[in-house]
Amino acid sequence: MVYGGIDIGGTSVKVGFVDNNGKILCRDLFPVEAIKDYNNFLKSLYSSVKSLLNQLDNDIIIKGYGVGCPGKINSQKGKVIWCKGKLEYIENKLLGPDLSNMLNKPVYCDNDVNSIVLGETLFGKGKGLDVVIGLTFGTGIGGGIVINGDIIRGEHFTAGHFGYMSQDSRGRSHESGNSGAVEIHASHSGIIYKVKEAIQLGVKTSLKEKFKKSDFGFKYIYEESARGDLLSKRLVSELEKEMSILITNLVFAFDPSIVLVGGGLLKAEKNILSRIRKRIRKRIGFLDGKEVVVEPMSSYDEVGILGGAALAKRELN
């Protein structure tokens, strides 16, 4: 059996077909920056799927599709409740049913990190484990919880929004309404805010020139920190402290078999997780260090497609 996996992102959509063992048979990617409305979005997605179907053997049976989408998703209805960023036109749309009508197959939708963590549970580093927690550190902070093979979505589909959890009751406001949310400190958008604020206050930093680059992000913070820039060093320290506190809190809450970390942050510097592990183990006195397993997610380029396919597989078997 083969399952379609669709990974919707703010800049591109990844599409692929995956076999029962988690092998990606073929894949495609198309940008969404030029797409301005829902109908054209559906047409582009349909075109991508059809082009891939032509690459598959005629005797292959497609059982269905899974879609990982950023934002708050009503997985029961396949409805996008809200989606921040560049894809506002899919808000309040029945994405699952609409795609199902186009593709003539069952289509299941869920939050992108939920599906990614499920993919790790079925095909990746969480395979065979009971409690799998996933976090992604990128523009924001996403999360997912899979216990005994089931995604924990919550009563109102908000479980796993770890970036909205507050570790600073006096922190600045956040779109979630929870002031001092972790995203303010440990996300790409939070870092950009802090750098901009420091430059406006006249802080001397080598980041001032880097900040003008269109791809400014985690990578430059870590590069300048290594070169001794004081602001960058402080931001790196704060970022990793916030990450370690958040993951420690999740360990206390769920006692996970494994915590998987992904997102653009991990591309910034190779030793990030090593330092985070050390910080976490200092905060958990009643567990042996070996019992707290924090690992990077599987391939950044594949994990979303596998997550979508896992969602379909989980629902159809």
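These numbers come from a predicted model, not from an experiment.

**Q** How do you make sense of the state of the cysteines when you look at a structure like this?
**A** A covalent bond between the sulfur atoms of two cysteines is referred to as a disulfide. Scanning the entire structure with this criterion turns up 0 disulfides. C26 forms no disulfide, and the closest cysteine sulfur to it belongs to C109, at a distance of 20 Å. No disulfide involves C109; its nearest neighbouring cysteine sulfur is the one of C69, lying 7.1 Å away. Exposure remark for C109: the relative accessible area of 3% places this residue in the buried category.

**Q** When you look at empty space enclosed by the protein in this model, what are you seeing that I'm missing?
**A** Empty space among the atoms becomes visible once a probe the size of a water molecule is rolled across them. Within the structure shown, the criterion is met by 2 cavities of 30 Å³ or more. One number sums up the size of the largest cavity: a volume of about 40 Å³. Taken together, I73, D110, N111, N114, R153, F157, A159 and H161 make up the full set of residues lining the largest cavity. Of the residues contributing to the lining of the largest cavity, the split by class is 3 nonpolar, 3 polar and 2 charged.

**Q** Would you explain the sheet that holds strand β4 (residues 62–69) in this entry?
**A** Sheet strands line up and pair through hydrogen bonds in the backbone, either parallel or antiparallel. The mixed open sheet is built from 5 strands, whose spatial order is β3-β2-β1-β4-β7. Whereas interior strands pair on both sides, the edge strands pair on one side only; in this sheet they are β3 (24–31) and β7 (107–111). Averaged over all neighbouring strand pairs, the angle between strand axes comes to 15°, with direction disregarded. Where strand β1 (residues 2–8) meets β4, 6 bridges bridge the pair, whose relative direction is parallel. Pairing of I6 across the sheet is with V67, part of β4. Against the sheet, helix α10 (residues 303–316) makes contact with β1, β2 (12–19), β3, β4 and β7, and its axis sits at roughly 130° relative to β1, the strand it touches most.

**Q** Just to check I follow, could you spell out the nonpolar core for this structure?
**A** Counting residues in hydrophobic clusters, the biggest one holds 38 residues, and the most contacted among them are L135, F137 and I247. Those elements giving two or more residues to this core turn out to be β8 (131–137), β9 (141–147), α5 (188–200), α7 (218–226), α8 (230–254), β11 (258–262) and α9 (272–283). Looking at this core, the element that brings in the most residues is α8, giving 9 residues. Aside from chain neighbours lying at most four places away, what touches F137 is A186, F218, M243, L246, V261, G262, G263, G264 and L265. Counting 32 residues, the second largest nonpolar core, distinct from the first, contains I8, Y38, F41 and C69.

**Q** I'm lost on unusual backbone geometry in this one. Help?
**A** With the exception of glycine, the majority of residues adopt a negative phi angle, and the majority of peptide bonds are in the trans configuration. One non-glycine residue, F157, lies in the positive phi region at around 65°. Considering the arrangement of structural elements, one finds F157 in the loop between β10 (150–151) and α4 (183–186). Unusually for a residue other than glycine, D255 sits at a positive phi of about 45°. Relative to the assigned elements, D255 resides in the loop between α8 and β11.

**Q** What's the story with the side chain of R153 in this structure? I'm lost.
**A** In this fold, R153 is placed in the loop between β10 and α4. Of the polar contacts made by the side chain of R153, one reaches the side chain of D110; its length is 2.6 Å. In this view, R153 contacts S75, D110, N114, T158, A159, L311 and E315; residues no more than four positions away in its chain are not counted.

**Q** Could you clarify how one ought to interpret helix α2 (residues 95–103) in this entry?
**A** Along an α-helix, residues three or four apart share an orientation, since each turn contains 3.6 residues. Among the residues making up α2, those that are buried are L95, G96, L99 and L103. In an axial view of α2, the angular spread of the buried residues amounts to 95°, which keeps them on one side of the axis. As for α2, its buried residues are in contact with β1, α1 (38–53), β4, β6 (79–82) and β7. Looking at the residues trailing α2, positive phi occurs at N104, about 60°.

Rules of the game
Residues numbered from 1 in each chain as written. Predicted model: local features only at pLDDT ≥ 70, side-chain atom pairs only at ≥ 80, totals over all residues. Heavy atoms only, no water. Disulfide = S-S within 2.5 Å. Buried < 20%, exposed > 50% of the residue type's maximum accessible area, 1.4 Å probe, protein only. 1 Å grid on protein atoms, 1.4 Å probe; cavity = no way out; pocket = protein on both sides within 12 Å on 5 of 7 lines; lining within 4 Å. Points joined across faces, edges and corners; volume = space filled by probe spheres on them. Nonpolar A, V, L, I, M, F, W, Y, C, P; charged D, E, K, R; others polar. Pairing = 2+ DSSP bridges. Helix = DSSP H or I, 4+ residues; strand = E, 2+ residues; numbered from the N terminus. Axes fitted to C-alpha atoms, helices over the stretch in contact; angles between N-to-C directions. Contact = heavy atoms within 4.5 Å. Core = buried A, V, L, I, M, F, W, Y, C linked by side-chain atoms within 4.5 Å. Polar contact = N/O pair within 3.5 Å; in protein donor to acceptor, adjacent residues only side chain to side chain. Arc of directions from axis to C-beta.

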